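Remarks on the overall topology
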Amino acid sequence: MASKSSHQWWITLLGWLVACLLFFPIFWMFITSFKTEVAAVATPPKLFFQPTLENYVAIQARASYFNFAWNSIVISLGATILSLLLAIPAAYAMSFFPTKRTKGTLLWMLSTKMLPSVGVLVPIYILARELGLLDTRIGLIIIYTLINLPIVVWMIYSFFKEVPKEILEADRMDGASTWQELRHVLLPLAMPGIASTALLSIILSWNEAFWSLNLATFNAAPLTAFIASFSSPQGLFWAKLSAASTLAIAPILIFGWVSQRQLVRGLTFGAVK
Amino acid sequence: MTSVATRPQQPPAAEQKRSRQKIPARLLVAPSIIVLVLWMVVPLAMALWFAFQRYNLLLPDNREFVGFANFTYILTDPALWVSIGITLILVVSVLLITIGLGTALAVLFNQDFAGRGVARVLAISPFFVMPTVSALIWKNMLMHPVNGLFAQITRGLGLGAIDWFADFPLIAIIIIVSWQWLPFALLILLTAIQSLDTDQMEAARMDGANSVALFRFVVLPHLSRAIAVVAMIETIFFLAIFAEIFVTTGGGPGLATTNLAYYIYLKALLEFDVGGASAGSLIAVVLANIVAIFLMRSVARNLDT
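So, here is what we can say about the structure in this document.

What counts, and where the lines are drawn
- Residues numbered from 1 in each chain as written.
- Chains lettered and ligands numbered in written order.
- Predicted model: local features only at pLDDT ≥ 70, side-chain atom pairs only at ≥ 80, totals over all residues.
- Helix = DSSP H or I, 4+ residues; strand = E, 2+ residues; numbered from the N terminus.
- Buried ≥ 20, exposed ≤ 12 C-beta atoms within 10 Å, placed from the backbone.
- Contact = placed C-beta atoms within 7 Å.
- Nonpolar A, V, L, I, M, F, W, Y, C, P; charged D, E, K, R; others polar.
- Core = buried A, V, L, I, M, F, W, Y, C linked by C-beta atoms within 7 Å.
- Axes fitted to C-alpha atoms, helices over the stretch in contact; angles between N-to-C directions.
- Parallel < 35°, antiparallel > 145°, perpendicular 65-115°, else oblique.
- Left-handed = near helix turned anticlockwise from the far one by under 90°.
- Pairing = 2+ DSSP bridges.

Here the focus is the overall build of chain A. Scanning chain A from N- to C-terminus turns up 13 helices and 0 strands. Taken from N to C terminus, the helices and strands of chain A fall in the order α-α-α-α-α-α-α-α-α-α-α-α-α. In terms of its C-alpha atoms, chain A occupies a principal-axis envelope of roughly 75 × 70 × 35 Å. Burial statistics for chain A: of 273 residues in total, 51% are counted as buried. Considering only intrachain contacts with a sequence separation of at least 6, the fraction spanning at least 24 residues in chain A is 79%.

Structural data, given as structure tokens:
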């Protein structure tokens, strides 16, 4: 690798330049969240200023903020738990007892992802209205579970495939039942994989902004919808918008950083590892 | 990743049938299949049913079967064709930008340089920002014609300010979506590059291949499948871009940023025209399916059960 060192410095420079450019909007939002509203729209823009926490205080003071944040948490966790409950048994069966139809089933599950949300907007809207699920958390949980289920099955399937079958064989010889096998042998072994699958599901649910904007108006509206409500009084509340946005993206950004490797596998359905 | 190496060698003995487990295995898969069948079939059947009716949510009593009238109405609506055109422009331009730059950046971040890990984390961050947040940051703090950073910089240079969403609304949307998805392309392509066999690279270099030839004849062929997968997945998402338009332009000015998804939304939830919106959504489904067929093929090739 020594041959590379001659042009090392400009690669370092270029790499950092690109990284900073891509990250800049997030950085700018972050520092704006510590400005006063007046400083946020100042000409010329201020890079150095007296930081204030007043925007965060103001955001927390709006009681509704907690409703939106709580909705985001409940909906993403709810959808993630529900899809794991459905996916783990399915992935277990498909990876350890494959039949001729397993491959077809997996591909078919994936194909349900190809249905564009907008194609079923009207029926889902009407169904949700008829069932009283419009603007409810449970309605969004059901939809996010269904949207993410193929990816979750697919990811867990690929993690289960990496568990050596001999371990399960040995355990089965000892007379373990299917449930014991799953509970005491497989789940502990595949835990890192399941955790990263859960993270991906949380990230996708947290950031989902088609159904949340169309099906939730207030009671069940998550942070995506809350942030969208800032689009009308533009120019007036940049600092508060920045503070709210920072709070809304911070947990997911950290989850994303932690699990970037596994995300590739999940997002490409295992086609790129 | 090591998994690539361990994958192919499944002991053939493990493939033998275990009749004892067969029935429970099928039962374990059933719940997932049933809910997904419902999720696919019920709404599509409803859309098909509505598409042949005059059905406005504001006039629910006026509901009647009208044959292909909705399709004739939708297909002769100039706005539909404008929106399909805008959808295609959006999809193709963002694909070219994210994959072109993404490949270049993947090569860059594959080089060993000081602080590469941190730089890579910063570079992929935009992908994790929720669409409504990124649209609003760009709309207000960067592209705003008076107080936005871009306007301030260009005005400072004596160039005057660009009113992005009035004069170049579609380009503004393309920039925002590209910023969100370039990290995705980078992340996937970088992972693919890192699985490249270094021995092969060294061998090619020994044979006197320069960097350009190395990229053209070793790296690019290796990346071709990953690029195809990125293109297909992005296409599925780009066909349904919604939040970015909803938050910034509302489809305007005029129809300048109304893509097919937004057109259907306007029909369905603003005009309450269920019949027309359903006919439009079936068109969207057909468009997406054409893409999906190609994606499924490239994934299927890689699936070893």
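Below, the discussion takes up the interface of chain B and chain A. With 95 residues of chain B at the interface, the matching set in chain A holds 89 residues. Among the elements that take part in the side of chain B that touches chain A, helix α2 (residues 19-51) of chain B stands out by supplying 18 residues, more than any other. Considering only residue class, the side of chain B that touches chain A consists of 71 nonpolar, 20 polar and 4 charged.

Moving on: unusual backbone geometry. At Asp135 of chain A, a position not held by glycine, the phi torsion is positive, near 55 degrees. Topologically, Asp135 of chain A is positioned in the loop between α6 (121-130) and α7 (137-160). In this structure, Phe272 of chain B is a non-glycine residue whose phi angle is positive, near 60 degrees.

For the rest of this paragraph, the subject is the nonpolar core. Formed by 172 residues in total, the largest nonpolar core has its most connected members in Ile156 of chain A together with Leu186 and Phe242 of chain B. Counting residues per element, this core draws most heavily on α7 of chain A, which supplies 17 residues. The residues contacting Phe242 of chain B, other than those within four sequence positions of it, are Val118 and Phe210 of chain A together with Ala261, Tyr262 and Tyr265 of chain B.

Further remarks concern the packing of helix α4 (residues 78-110) of chain B against helix α9 (residues 169-194) of chain B. Residue and element names in this part refer to chain B. Viewed as axis vectors pointing N to C, α4 and α9 meet at an angle of 40 degrees, and their least axial separation amounts to 6 Å. Compared by their axis directions, α4 and α9 come out oblique. Considering how the two elements wind past one another, α4 and α9 form a crossing that is right-handed.

Attention now goes to the packing of helix α1 (residues 8-32) of chain A against α4 of chain B. When two helices pack together, their arrangement is given by the angle between their axes and by how far apart the axes lie. Relative to each other, α1 of chain A and α4 of chain B sit at 130 degrees, their axes nearing to 10 Å. Classified by the angle their axes make, α1 of chain A and α4 of chain B are oblique. α1 of chain A and α4 of chain B meet at a crossing whose hand is left-handed. Where α1 of chain A abuts α4 of chain B, its residues Leu14, Gly15 and Val18 of chain A lie against Leu105, Leu108 and Phe109 of chain B. Counted by class, the contact of α1 of chain A with α4 of chain B contains 5 nonpolar, 1 polar and no charged residues.

All right, on to the pairing of strand β1 (residues 53-56) of chain B then. As a general feature of sheets, a regular strand has side chains that alternate between the two faces. All names here are of chain B. Sheet topology note: the β1/strand β2 (residues 59-65) ladder contains 3 bridges and is antiparallel. Along β2, the bridge assignment pairs Gln53 with Phe65. Joining the antiparallel neighbours β1 and β2 is a turn of 2 residues.

Everything listed here is a matter of coordinates, which is why it stays silent on function.
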